[in-house]
Amino acid sequence: MPVLSPTWTDERIELLKQHFEAGLSCREIAADIGVSRNAVIGKLSRLNLTRSRAVEDRRLERSLAPPARATRAVPRLQYEMLATIYGETGAPVMAGPIDDTNRCSLLELSENRCRWPISSPGEEDFCFCGNAAPDGQPYCAGHSRLAYRPNSRARVMRG
DNA sequence: CCCTGATTCGC
DNA sequence: GCGAATCAGG
C-alpha cells in the first residue's frame with residue numbers, strides 16, 4: 001500500500017456511491033472510507049449526488065423510529081474493526097480472550113455459533129470462530145466486542 | 001450543545 | 001478537484 005493518500009480513487013468513489021445509495025449517513029461513509037465527513041460531502045456535491053437540501057427529512061425519519069432499545073450497540077464499520085484489530089502500526093494484536101479451538105466450516109455454522117471469519121474466503125484454512133454465541137447474536141462475546149461499539153449516542157437520539 | 005447535510009472559497 | 005470552514009436546519 002502506498003504511503004501517500006491517493007485521495008479519490010475509482011474504488012473509493014465506488015464505495016462512496018454504494019454507501020450513499022445504501023442510505024448511510026455522510027459520517028458513516030466517511031468513517032468507512034477513512035476520510036473526513038466534509039470530504040465525503042464535498043465529493044458527493046461534485047458528483048451531483050446531493051439529496052437536494054432535505055436533511056430535515058432524514059433526521060425526522062430516524063427520530064420517529066425509536067422502538068425500544070434505550071442503549072444500543074451499533075455495528076462497527078469495516079474500517080474501524082480493521083483499525084481495532086491491526087492497530088495503527090499494522091501489528092496484528094488479537095489478544096482477546098477468544099478460543100480458537102471451536103473453529104468450524106461454513107456448513108457447520110448454526111444459530112448459536114460465532115460467525116466471525118477466520119483467515120480469508122477462498123483460503124485453505126478459511127473457517128469461522130464457532131464459539132458459543134449467546135442470544136441470537138452472530139458473534140461470541142469476544143468478537144462482539146470487536147464488532148460492536150457499545151458507545152455511540154444511541155440513547156434516544158435526543159430531540 | 002450535539003448532530004446532520006450543503007455551500008463557499010482558498011488552496 | 002479537493003476539503004476545511006462555514007452556513008443552515010433540527
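Residues numbered from 1 in each chain as written. Chains lettered and ligands numbered in written order. Predicted model: local features only at pLDDT ≥ 70, side-chain atom pairs only at ≥ 80, totals over all residues. Heavy atoms only, no water.

**Looking at the packing of helix 1 (residues 10-21) against helix 2 (residues 26-33)**
Their axes nearest at 10 Å, the elements helix 1 and helix 2 cross at an angle of 150°. When the axes of helix 1 and helix 2 are compared, the pair comes out roughly antiparallel. Considering how the two elements wind past one another, helix 1 and helix 2 form a crossing that is right-handed. Taking contact as the criterion, the partners of Arg12, Leu15, Leu16, His19 and Phe20 in helix 1 are, on helix 2, Ile29, Asp32 and Ile33. (Axes fitted to C-alpha atoms, helices over the stretch in contact; angles between N-to-C directions. Helix = DSSP H or I, 4+ residues; strand = E, 2+ residues; numbered from the N terminus. Parallel < 35°, antiparallel > 145°, perpendicular 65-115°, else oblique. Left-handed = near helix turned anticlockwise from the far one by under 90°. Contact = heavy atoms within 4.5 Å.)

**Considering unusual backbone geometry**
Phi angles above zero are rare outside glycine, and asparagine 48 is one such case at about 55°. With respect to the helices and strands, the residue asparagine 48 is situated in the loop between helix 3 (37-46) and helix 4 (55-63). Of note, the phi angle at aspartate 135 is positive, near 50°, even though the residue is not glycine. Among the secondary structure elements, aspartate 135 is positioned in the loop between strand 3 (127-128) and helix 6 (141-147). Aspartate 135 gets classed as exposed once you look at its relative accessible area, which sits at 69%. (Buried < 20%, exposed > 50% of the residue type's maximum accessible area, 1.4 Å probe, protein only.)

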